[in-house]
Amino acid sequence: VHTTDFPGNYPGYEDAWDQRRFEEAFRVDVIREEEDSLEFDMVGIDAAIANAFRRILLAEVPTMAVEKVFVYNNTSIVQDEILAHRLGLIPIRADPRLFEYRNQGDQEGTEIDTLQFQLKIKCKRNPQAAKESSDPDELYFNHKVYSKHMTWVPLGNQTDLFPDADFRPVHDDILIALLRPGQEIDVLMHCVKGIGKDHAKFSPVATASYRLLPDITLLQPVEDEAAETLQKCFSPGVIEVQNINGKKVARVANARLDTFSREVFRHEGLKNLVRLARVRNHYIFSVESTGILPPDVLVSEAIKILMGKCQRFLSELDSVPME
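If you're wondering where the values come from, they're calculated on a predicted model, not measured in any experiment.

Looking at the packing of aromatic side chains
- With the rule as written, the count across this model stands at nine aromatic pairs.
- With a centroid separation of 5.3 Å and an interplanar angle of 40°, the aromatic rings of Tyr 210 and Phe 285 are classed as tilted. Placement of Tyr 210 in strand E13 (residues 205-218) and of Phe 285 in strand E16 (residues 274-289) is noted, with a sequence separation of 75 residues between them.
- Classification of Tyr 210 as buried rests on a relative accessible area of 19%.
- With a relative accessible area of 1%, Phe 285 lands in the buried category.
- Among the aromatic residues, ring-to-ring pairing joins Phe 40, Phe 53, Tyr 210, Tyr 283 and Phe 285 into one connected group.
- Sitting over the face of the ring of Tyr 101, Lys 193 holds its NZ or CZ atom 4.8 Å from the ring centroid.
- Arg 278 extends its terminal NZ or CZ atom over the ring of Phe 260, reaching a point 4.0 Å from the ring centre.

Put into structure tokens, the structure is as follows:
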């Protein structure tokens, strides 16, 4: 993808770029929406804008994550620094729009910029365990420390500010450490608002990517054995073999599913019958949330940030004196 692919280079835009025609051509189509993933198409935009949108999703949509860990006791085999790093990477289900950024240099958090969590757990032997047992799950209590053991400790008047809040890790089964009898972990964590540009733990997405829509054209009819061979050259669902008047005939069923393996060019009898291309202004976006915020909310927040960047840029242009 090249940033020189501006609308004036697209089919249908042979003339000089016309802003009005570009805006009329732009559209967004939601293809698939699930709890933590979203697939949608952006049609009629420049590659630079598509990439800017992707980078904003990765690095500039804020979230809440563990920033400071106060270790009161840690007798596990996990060093304090490693423990703090693992805790920081646990996604926290908390809407960052409810909080402010903490000021640099502030040592103590407040109810408007900090979430506080406690992790206090100790491993003990199970007196009821069978003597011949070697299974740690039977021999010990609390020998596995999970993210579900993190509990929210309200700061200040947060109980009144968020009466219906359920601040907790996104997943309860994230393994933090393994303990043996007598070992314990007692830590206090401060979660603050941040962006992925500062640290990857603040990134709200597991993946955010885009690709151009594939365009597959059969230059000649492909029939019988050649049709079946052609079907095997592509991902399932791309090529469909139909029975027409007793003949097997290949047709392009869904080019969107193609992964551009180029397997077809290994066959001498097929490589001149197929043209592979991409639709230059049609981007397929895939957004997978870490669970902190739904993917549709992440997309809308990214659009707001992009609009803010554009507005600041225009304001800077207006403030520069004309010579």
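Things to note about the UniProt feature "domain: DNA-directed RNA polymerase RpoA/D/Rpb3-type" (unreviewed entry) in the protein chain
- Under the UniProt annotation, the feature "domain: DNA-directed RNA polymerase RpoA/D/Rpb3-type" (unreviewed entry) is placed at residues 37-316.
- Between the C-alpha atoms that bound residues 37-316 the distance is 36 Å, and the span itself is 22% helix and 35% strand.

Some thoughts on helix H3 (residues 80-88)
- Within H3, burial applies to Leu 83, Leu 87 and Gly 88. Buried residues of H3, seen end-on, are gathered within an arc of 135° and therefore sit on one face of the element.

Regarding the pattern of salt bridges
- Scanning all chains against the criterion turns up 16 salt bridges.
- Notably, a salt bridge pairs Arg 32 with Glu 34, separated by 3.6 Å at the nearest N-O pair.
- You can call Glu 34 partly exposed: its relative accessible area is 45%.
- Here the salt bridges do not stand alone but share partners, grouping Arg 32, Glu 34, Glu 39, Asp 41 and Arg 256 into one network.

Description of the environment of Glu 184
- Its location among the elements puts Glu 184 in strand E12 (residues 184-194).
- Residues in contact with Glu 184, not counting those within four places in the same chain, are Asn 73, Asn 74, Thr 75, Ser 76, Ile 121, Lys 122 and Leu 179.
- Within the structure, Glu 184 has its side chain in polar contact with the side chain of Asn 73 (distance 3.1 Å).

With respect to the environment of Gly 237
- By secondary structure assignment, the location of Gly 237 is in the loop between helix H6 (224-232) and strand E14 (239-244).
- Given a relative accessible area of 41%, Gly 237 falls into the partly exposed group.

Conventions we followed
- Residues numbered from 1 in each chain as written.
- Predicted model: local features only at pLDDT ≥ 70, side-chain atom pairs only at ≥ 80, totals over all residues.
- Heavy atoms only, no water.
- Phe/Tyr/Trp six-rings, centres within 6.5 Å; stacked < 30°, edge-to-face > 60°.
- Helix = DSSP H or I, 4+ residues; strand = E, 2+ residues; numbered from the N terminus.
- Buried < 20%, exposed > 50% of the residue type's maximum accessible area, 1.4 Å probe, protein only.
- Lys NZ or Arg CZ within 6 Å of the ring centre and 35° of its normal.
- UniProt positions renumbered as here; feature names shortened; annotations may be inferred.
- Arc of directions from axis to C-beta.
- Salt bridge = Lys/Arg side-chain N within 4 Å of Asp/Glu carboxyl O.
- Contact = heavy atoms within 4.5 Å.
- Polar contact = N/O pair within 3.5 Å; in protein donor to acceptor, adjacent residues only side chain to side chain.

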